Amino acid sequence: MELPDEYQSAPTARRRRVRETKSKSLTMRITPTTYTRFNEYCDREQLSYPDALDRLLALAEGAKD
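Residues numbered from 1 in each chain as written. Predicted model: local features only at pLDDT ≥ 70, side-chain atom pairs only at ≥ 80, totals over all residues. Heavy atoms only, no water.

S.K.: I tried to follow the packing of helix 1 (residues 32-45) against helix 2 (residues 49-64) on my own but got confused; where do I start?
M.R.: Each pair of packed helices can be described by the angle between their axes along with the distance between the axes. Put simply, helix 1 and helix 2 touch, their axes get as near as 10 Å, and they point 100 degrees apart. It follows that helix 1 is roughly perpendicular to helix 2 by the angle criterion. When helix 1 is examined against helix 2, the residues Y35, F38, N39, Y41, C42 and E45 are found in contact with a partner set consisting of Y49, A52, L53, R55 and L56. Looking at the contact of helix 1 with helix 2 residue by residue, the class counts come to 8 nonpolar, 1 polar and 2 charged. (Axes fitted to C-alpha atoms, helices over the stretch in contact; angles between N-to-C directions. Helix = DSSP H or I, 4+ residues; strand = E, 2+ residues; numbered from the N terminus. Parallel < 35°, antiparallel > 145°, perpendicular 65-115°, else oblique. Contact = heavy atoms within 4.5 Å. Nonpolar A, V, L, I, M, F, W, Y, C, P; charged D, E, K, R; others polar.)

Here is the structure:
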């Protein structure tokens, strides 16, 4: 038996990937609008959260030079 379309779960973006290096957990309290912007950036660029943070930090460091 198949469920009607409106009952099907939406496909989710997969951001997980195996990392070669060890990682640390990071928790931040940010505003909902900042979270939405970051999440949309990750989706648009097809980046995991850690990869997106790495890219943004590299851009910020480049701006300092």
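Here the narrative resumes.
S.K.: Can you walk me through the pattern of salt bridges in this structure?
M.R.: It is possible for side chains bearing opposite charge to pair when their charged atoms get close. All chains considered together, the criterion is met by 1 salt bridge. For the salt bridge of E45 with R55, the shortest nitrogen-to-oxygen distance reads 2.9 Å. Here E45, found in helix 1, pairs with R55, found in helix 2; they are 10 residues apart in sequence, far enough to count as distant. Its relative accessible area of 34% is what places R55 among the partly exposed residues. (Salt bridge = Lys/Arg side-chain N within 4 Å of Asp/Glu carboxyl O. Buried < 20%, exposed > 50% of the residue type's maximum accessible area, 1.4 Å probe, protein only.)

S.K.: Just to check I follow, could you spell out unusual backbone geometry for this structure?
M.R.: Backbone geometry places Q46, a non-glycine residue, at a positive phi of 55 degrees. Within the secondary structure, Q46 sits in the loop between helix 1 and helix 2.

S.K.: Teacher, can you tell me more about a nonpolar patch on the surface here?
M.R.: Residues L26, M28, I30, Y35, Y49, L53 and L57 make up a contiguous nonpolar surface patch of about 660 Å² in total accessible area. When you line up the elements, M28 lands in the segment before helix 1. You can call M28 exposed: its relative accessible area is 56%. (Patch = residues over 30% accessible without salt bridge, like charges linked within 9 Å, V, L, I, M, F, W, Y side chains within 5 Å. Areas by Shrake-Rupley, 256 points an atom, 1.4 Å probe, with all protein chains shown as cover.)

S.K.: What is the right way to look at the packing of aromatic side chains in this model?
M.R.: Remark: the centre distance and the inter-plane angle together describe each pair of aromatic rings, the angle taken between the planes. One pass over the structure, following the stated rule, counts 1 aromatic pair. Centre to centre, the rings of F38 and Y49 are 5.4 Å apart; their planes meet at 40 degrees, and the pair counts as tilted. Of this pair, F38 sits in helix 1 while Y49 sits in helix 2, placing them 11 residues apart in sequence. The class of Y49 is partly exposed, set by a relative accessible area of 32%. (Phe/Tyr/Trp six-rings, centres within 6.5 Å; stacked < 30°, edge-to-face > 60°.)

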